Amino acid sequence: MLIPCPHCNGLNRIPAERLGDQPKCGRCKAQVLLSKPFELKQGDYASQIKGDLPLLIDVWADWCGPCKSFAPVFEQAAAQLAGQCRLAKLDSEANQQLSAQLGIRSIPSLILFKDGREVARQSGALPLPQLMSWLRSQGI
């Protein structure tokens, strides 16, 4: 499987049966699959949507109450989905150009990417069981 590193954006080829072995990046030697969300920025976007493992982006802002209340749920989901789906957080205030490019109209917004394409979108904060159910309905 090809998986981009959340630290340096380098693409790593990792055998599917080794996803649970905490693989390290060939370029920067950091852990490739995290059990917590990583920060996504404008410059990382094109690299991070590539690869064989789906990417779920939580678009949020610091001033948004529902975004803050959803953050622990997103953290829990990241821990449960390690090796199945990568989770990233995109600060809509710090990355206004990317937020506009993605057509963000409300936050929090969840965008699921597979094979470099957006396949699903969900607006609003969800409780963990609903989030996991939504992801299962998307094949995660």
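Above this text you will find the structure in question.
These numbers come from a predicted model, not from an experiment.

1. Structural notes on empty space enclosed by the protein
Then step 1. Scanning the model with the defined rule gives one cavity of 30 Å³ or more in all.
Then step 2. Roughly 50 Å³ of volume is contained in the largest cavity.
Then step 3. Taken together, Val32, Leu34, Lys36, Phe38, Ala78, Cys85, Arg86 and Leu87 form the lining of the largest cavity.
Then step 4. Partitioning the lining of the largest cavity into residue classes produces six nonpolar, no polar and two charged.

2. A few points about the side chain of Asp91
Then step 1. Relative to the assigned elements, Asp91 resides in strand E5 (residues 86-91).
Then step 2. Despite its burial, Asp91 remains without a salt bridge, the nearest opposite charge being carried by Lys41 at 9.6 Å.
Then step 3. Discounting residues that sit within four places of it in the chain, Asp91 has contacts with Trp60 and Ala61.

Cut-offs applied
Residues numbered from 1 in each chain as written. Predicted model: local features only at pLDDT ≥ 70, side-chain atom pairs only at ≥ 80, totals over all residues. Heavy atoms only, no water. 1 Å grid on protein atoms, 1.4 Å probe; cavity = no way out; pocket = protein on both sides within 12 Å on 5 of 7 lines; lining within 4 Å. Points joined across faces, edges and corners; volume = space filled by probe spheres on them. Nonpolar A, V, L, I, M, F, W, Y, C, P; charged D, E, K, R; others polar. Helix = DSSP H or I, 4+ residues; strand = E, 2+ residues; numbered from the N terminus. Buried < 20%, exposed > 50% of the residue type's maximum accessible area, 1.4 Å probe, protein only. Lys, Arg positive; Asp, Glu negative; His and termini not counted. Salt bridge = Lys/Arg side-chain N within 4 Å of Asp/Glu carboxyl O. Contact = heavy atoms within 4.5 Å.

Spatial relationships are all this shows, so hold off on functional conclusions.
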